[in-house]
Amino acid sequence: AMWLDAVEDERWQRVATIGPAQTGKTLIACVVPTLFHLFEHAENVILGVPDAAMAADKWREDLLPIIERTRYRSLLPTSGSSSRGGDPRAAIRFRNGATLRIMTGGAGAKAVAGYTARVLVVTEVDGFGRVASSEETDRLSLLEARTRQYRGQRRIYLECTVTTAQGRI
């Protein structure tokens, strides 16, 4: 309950959640804030994932089944490249005007530079590797930079399974 309260509390611009595998972290710390901002606030969300394979999995296994079983199913795209389940490689534009843009940790600066949003949700943060000395090579920093124009209003959610003491979070 305290975590969900933090999602709604605008005082927190950056929220990090860690825990052991198979405890519901992805649902509570990735899916819930993504859907909350996409559908309750009708605002664009960037979903950061370590690689392209995970992008497809997060969309098809975690997000889409939940959307299809809620009142938000009427907001799924009905035409274009985002319809028929959506293509996680492209921006998915919902019928309320909100867009989900999935970006990977493997993308270079140019691949993510053209898209900004107030909300960034990142899953499996340790998959983005160590903090680099150059922002150009630090993939998580590149994703977080996509929210920079929103300054005091941005929302960043980070989620990760506990792996090693040297992990990102």
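Predicted, not measured: the structure shown is a model, and the values here were computed from it. (Residues numbered from 1 in each chain as written. Predicted model: local features only at pLDDT ≥ 70, side-chain atom pairs only at ≥ 80, totals over all residues. Heavy atoms only, no water.)

## Quick look at the overall build of the chain
Moving on, step 1. Scanning the chain from N- to C-terminus turns up 5 helices and 6 strands.
Moving on, step 2. Each helix and strand of the chain, placed in order from N terminus to C terminus, yields the pattern α-β-α-β-α-β-β-α-β-α-β.
Moving on, step 3. Taken across its 169 residues, the chain has 48% of its residues classed as buried.
Moving on, step 4. In the chain, once contacts between residues fewer than 6 apart in sequence are set aside, the share between residues at least 24 apart is 72%.
Moving on, step 5. Element-wise, carbon and sulfur atoms account for 50% of the exposed surface of the chain, whose accessible area totals about 8800 Å². (Helix = DSSP H or I, 4+ residues; strand = E, 2+ residues; numbered from the N terminus. Buried < 20%, exposed > 50% of the residue type's maximum accessible area, 1.4 Å probe, protein only. Contact = heavy atoms within 4.5 Å. Areas by Shrake-Rupley, 256 points an atom, 1.4 Å probe, with all protein chains shown as cover.)

## Comments concerning the pairing of strand S1 (residues 14-19)
Moving on, step 1. Residue alternation in S1 divides its side chains into a buried set, Val15, Thr17 and Gly19, and an unburied set, Arg14, Ala16 and Ile18.
Moving on, step 2. Two strands pair when backbone bridges link them, and S1 and strand S6 (residues 155-161) are joined in this way by 6 bridges, in the parallel orientation. Bridging across to S6, Val15 finds its partner in Tyr157. (Pairing = 2+ DSSP bridges.)

## Description of helix H2 (residues 25-40)
Three or four residues apart is the spacing at which side chains of an α-helix point the same way, because the helix has 3.6 residues per turn.
Moving on, step 1. The sharpest bend along H2 measures roughly 30 degrees and falls at Val31, with the proline Pro33 sitting one to four residues further on.
Moving on, step 2. One or two positions beyond H2, positive phi appears at Ala42, with a value near 50 degrees. (Bend = angle between axes of the 7 residues up to and from the residue.)

## Observations regarding the sheet that holds strand S4 (residues 99-104)
Neighbouring strands of a sheet are bound in pairs by backbone hydrogen bonds; such pairs are parallel or else antiparallel.
Moving on, step 1. Pairing in this open sheet of 6 strands is mixed, and the strands run S1-S6-S5-S2-S4-S3 from one edge to the other. Sheet topology places S1 and strand S3 (92-93) at the edges, where each strand pairs with a single neighbour.
Moving on, step 2. Relative to S6, strand S5 (residues 119-122) runs parallel, the two being bridged by 4 bridges. Following the sheet pairing, Val121 is matched in S6 by Tyr157.
Moving on, step 3. Running over the sheet, H2 touches S1, strand S2 (45-49), S4, S5 and S6 and is turned about 155 degrees from S6. (Axes fitted to C-alpha atoms, helices over the stretch in contact; angles between N-to-C directions.)

## Some thoughts on the packing of aromatic side chains
Moving on, step 1. Under the defined criterion, the tally for this structure stands at 4 aromatic pairs.
Moving on, step 2. Ring geometry for Trp3 against Tyr157: centres 6.4 Å apart, planes inclined by 45 degrees, an arrangement best described as tilted. Of the two residues, Trp3 is situated in helix H1 (residues 2-8) and Tyr157 in strand S6; the sequence distance between them amounts to 154 residues.
Moving on, step 3. Take Tyr157: its relative accessible area is 0%, and that puts it in the buried class.
Moving on, step 4. Measuring from centroid to centroid gives 5.0 Å for Phe39 and Phe94, while their planes differ by 80 degrees, and the two rings are edge-to-face. (Phe/Tyr/Trp six-rings, centres within 6.5 Å; stacked < 30°, edge-to-face > 60°.)

## Quick look at the nonpolar core
The tendency in soluble globular proteins is for nonpolar side chains to be buried side by side.
Moving on, step 1. Core analysis: the biggest nonpolar cluster contains 28 residues, and Phe39, Leu47, Trp59, Ile67, Phe94 and Leu100 have the highest contact counts within it.
Moving on, step 2. For this core, the elements supplying multiple residues, two or more each, are H2, S2, helix H3 (52-68), S4 and S5.
Moving on, step 3. Residues contacting Ile67, with those up to four places away along its chain left out, are Leu35, Phe39, Trp59, Tyr72, Arg73, Leu76 and Phe94.
Moving on, step 4. Within the second largest apolar cluster, 13 residues are counted, among which are Met103, Ala117, Val122 and Val125. (Core = buried A, V, L, I, M, F, W, Y, C linked by side-chain atoms within 4.5 Å.)

## Quick notes on a nonpolar patch on the surface
Moving on, step 1. Together, Ile18, Val162 and Ile169 make up a nonpolar patch on the protein surface, roughly 250 Å² of accessible area in all.
Moving on, step 2. With respect to the helices, strands and loops of the structure, Ile18 is situated in strand S1. (Patch = residues over 30% accessible without salt bridge, like charges linked within 9 Å, V, L, I, M, F, W, Y side chains within 5 Å. Salt bridge = Lys/Arg side-chain N within 4 Å of Asp/Glu carboxyl O.)

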